[in-house]
Amino acid sequence: MADSNLDPSISHTSPLIDGNVLVAKALERAGVDRMFGVVGIPVTSLANRAVALGIRFIAFHNEQSAGYAASAYGYLTGKPGVLLTVSGPGCVHGLAGLSNAAINCWPMVMISGSCDQKDFGRGDFQELDQIAAVKSFSKFSVKATDIREIPNCVFQVVDQAVSGRPGGCYLDLPTDVLHQTVTESEAEKLLSDADNSRKQEEPHRLESSEIEKAVSTLRHAERPLIVFGKGASYSRAENELKKLVESTGIPFLPTPMGKGLLPDNHELAATAARSLAIGKCDVALIVGARLNWLLHFGESPKWSSDVKFILVDISKDEIELRKPYLGLAGDAAKVLKLLNKEIKDDPFCLGKTHSWVDSIAKKAKENVLKMEAQLAKDIVPFNFLTPMRIIRDAILGVGSPSPILVSEGANTMDVGRGVLIQTEPRTRLDAGTWGTMGVGLGYCIAAAVASPDRLVVAVEGDSGFGFSAMEVETLVRYQLPVVVIVFNNGGVYGGDRRNPEEISGPFKDDPAPTSFVQGAAYHVLSEAFGGKGYLVGTPDELKSALDKSFSEKKPAVINVTIDPYAGAESGRMQHKN
Ligand code: ADP
Ligand code: MG
């Protein structure tokens, strides 16, 4: 630590600044330009100071939603999303966002105020050992125990969040540290010293033999498949993927959030023939997607037992865990670029008449036709399909830049994943790796802040919506172009589906654990704050509400009445409930 009394470069006549100002300056210097959070003791001044330096602060009602917003902002922009919370309970609520960043591998920084260091352990106001609390959810955490440590701590959390496999980091700021002061000139010196000592991570270098082996394996495959996920999307690998798919003619399958990296309606998309594609492929190039539950652990019977996996992932640990035929550790876009270069020297292409490509195309077409026949019907009271088709067409009608879709719920998300069409990268945010309900409004706000030129459309179950519904006020306050469509079937999974033997005991007349108030007027919630609200139950009403709200590009809630007995309990996950 530089001793300011001895350092001749530090002026002692320069004005004093406190920890709040120094944190704000360090964040600005680290490139942070947006923050999400809830202010209160001891971080209110920190938020104000950040705003004064040009950082936009989006103030939420609940740290949970603000945390989800920060995590998604990190995914969408490639820069860590920053969450600011108060101490104790604020930090605990924020853990939702931090854990979401960890599980989805998204860069995020959570900054929480904490109690006075000298009073810790004596029951201080909102006292909590926050470093211990965040341990299982953060890649890196640090407490600034003195104002002079602030710049280093800020740069460390910001840099660690994006290095290697992205994730959440945590910075703890005790109240006394925020109130300490240094002179402005000392602060400048601390900032530049810390900035100069930031280290750049050396990327892992692949051997050319590994690239040659990958290409040769793909070249000799009879039934190759390319699967890509949100790691590829985070890496902005769309151009290299397009090159690879189109030069080789290999069919592809996006994971739910990989959707849009290549357009869903691309002729090599195997989405509508998913079971055939994964069940029969002999070589699968998996790019930025984990072979976890979402991909059936890469095991039979969903996959063929002798499929050769080539795994491209930024994380060596991930590759070690899955033990693929071949692992290529590195950034997806960079690895794909090497593969494309290798292929260019000796090109190969399956062509449309290749039996594998043809069988996938035929199966996909067959399934699409079946689905379209179902979608074409106007069913009232609404099932899930009719309104989803109308929403799909309205979203496609917006053109480019296409809206960012946010989706959560059981049936609403399952049906939406199949029906809604993504044509541009990073335009789908859903419940993700953890299947988290409650991300909706936070994700909407993050998307609107990250991409001000795009409309944001949320398609939510009424249960999913309820977790963060008060943030509709936040939408209205900041006048964000977000249209929230609530599929209102009156409960979790909809109507009361209990067996008669499940309805007994002294509380048998209570509403079912899955039920909400029937006919809840969610659209009025938006109107309560000055936003638009629509209640719709027929195709014409829905079309008109979408028309108006999409062209106005202002906060709106469209409350869509759905038949409470349409859809299934637990959506497609019935076997687990
Ligand atoms: P999905 O849910 O779409 O299948 P996952 O979250 O399961 O995606 O997997 C994403 C994977 O992408 C993670 O294993 C993560 O380590 C990896 N990843 C993150 N960033 C990159 C990157 N820049 N390049 C390659 N892989 C990445
Ligand atoms: Mg519901």
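Let us look at the structure shown here. Predicted, not measured: the structure shown is a model, and the values here were computed from it.

## Brief notes about the overall build of the protein chain
From N to C terminus, the protein chain includes 22 helices and 19 strands. Taken against the 2.2 N^0.38 rule, which gives 25 Å for 577 residues, the C-alpha radius of gyration of the protein chain at 26 Å falls within 12% of a compact globule. Dimensions of the protein chain, computed from C-alpha atoms along their principal axes, come out at roughly 80 × 65 × 50 Å. In the protein chain, buried positions account for 54% of the 577 residues. Excluding contacts between residues fewer than 6 apart, the proportion of contacts in the protein chain whose partners are at least 24 apart in sequence is 76%. Taken as a whole, the protein chain presents about 24300 Å² of accessible surface, with 53% of it coming from carbon and sulfur. Once the 60 positive and 69 negative side-chain charges of the protein chain are each reduced to a mean point, those two points are 6 Å apart.

## Quick word on the pairing of strand β5 (residues 108-114)
Counting buried positions over the seven residues of β5 gives seven, a clear majority of the element. Residues M108, M110, S112 and S114 point to one face of β5 and V109, I111 and G113 to the other, with burial holding for every one of them. With five bridges connecting them, strand β4 (residues 81-85) and β5 associate as parallel partners. Counted as the bridge partner of L83 is M110 from β5.

## Comments concerning the coordination of the magnesium ion (ligand 2)
Only D462 (OD), N489 (OD1) and G491 (O) from the protein coordinate the magnesium ion (ligand 2), and they sit 2.0 to 2.1 Å from it. Donor residues for the magnesium ion (ligand 2) sit on one chain with the sequence pattern D-x26-N-x1-G. Pair check on accessibility: N489 and G491 agree, each one buried.

## Examining the sheet that holds strand β2 (residues 34-37)
On the basis of which strands lie adjacent, the open sheet formed by six strands has the order β3-β2-β4-β5-β7-β6 and parallel pairing. Of all strands in the sheet, those with a lone pairing partner are β3 (56-59) and β6 (140-143), marking the two edges. Direction aside, the axes of adjacent strands within the sheet are offset by 20 degrees on average. Pairing geometry for β2 and β3, over four bridges, is parallel. Following the sheet pairing, M35 is matched in β3 by F57.

## So, the sheet that holds strand β18 (residues 532-536)
Sheets are built from strands paired through backbone hydrogen bonds, the pairs being either parallel or antiparallel. Ordered in space as β15-β14-β16-β17-β19-β18, the six strands form an open sheet in which the pairing is parallel. Because the sheet does not close on itself, it has two edges, and the strands there are β15 (428-429) and β18. Its contacts with the sheet place helix α17 (residues 411-419) against β14 (404-408), β15, β16 (456-461) and β17 (482-488), and it is angled at close to 140 degrees to β14.

## Regarding helix α11 (residues 238-248)
Three or more residues of α11 are buried, namely E238, E240, L241, L244, V245 and T248. For α11, the angular spread of the buried residues around the axis is 165 degrees, confining them to a single face. Along its buried surface, α11 packs onto β9 (224-228), β10 (252-254), β11 (283-287) and α14 (332-345). Directly beyond the C-terminal end of α11, a positive phi value near 70 degrees is found at G249.

## Here's the deal with the site of ligand 1
Contacts to ligand 1 come from 22 residues, most closely from R165, K230, T255, R290 and D313. The separation between a nitrogen atom of ligand 1 and a polar main-chain atom of I314 is 3.2 Å. Measuring from a nitrogen atom of ligand 1, one finds a side-chain N or O atom of D331 at 2.8 Å. Per-element accounting of the shell around ligand 1 gives the leading share, three residues, to helix α10 (residues 230-234).

Calculation rules
Residues numbered from 1 in each chain as written. Chains lettered and ligands numbered in written order. Predicted model: local features only at pLDDT ≥ 70, side-chain atom pairs only at ≥ 80, totals over all residues. Heavy atoms only, no water. Helix = DSSP H or I, 4+ residues; strand = E, 2+ residues; numbered from the N terminus. Rg over C-alpha atoms; globule rule 2.2 N^0.38 Å. Buried < 20%, exposed > 50% of the residue type's maximum accessible area, 1.4 Å probe, protein only. Contact = heavy atoms within 4.5 Å. Areas by Shrake-Rupley, 256 points an atom, 1.4 Å probe, with all protein chains shown as cover. Lys, Arg positive; Asp, Glu negative; His and termini not counted. Charge placed at Lys NZ, Arg CZ, Asp CG, Glu CD. Pairing = 2+ DSSP bridges. Donors = N, O, S within 2.8 Å, 3.2 Å for Na, K, Ca; no water. Axes fitted to C-alpha atoms, helices over the stretch in contact; angles between N-to-C directions. Arc of directions from axis to C-beta. Near = heavy atom within 4 Å. Polar contact = N/O pair within 3.5 Å; in protein donor to acceptor, adjacent residues only side chain to side chain.

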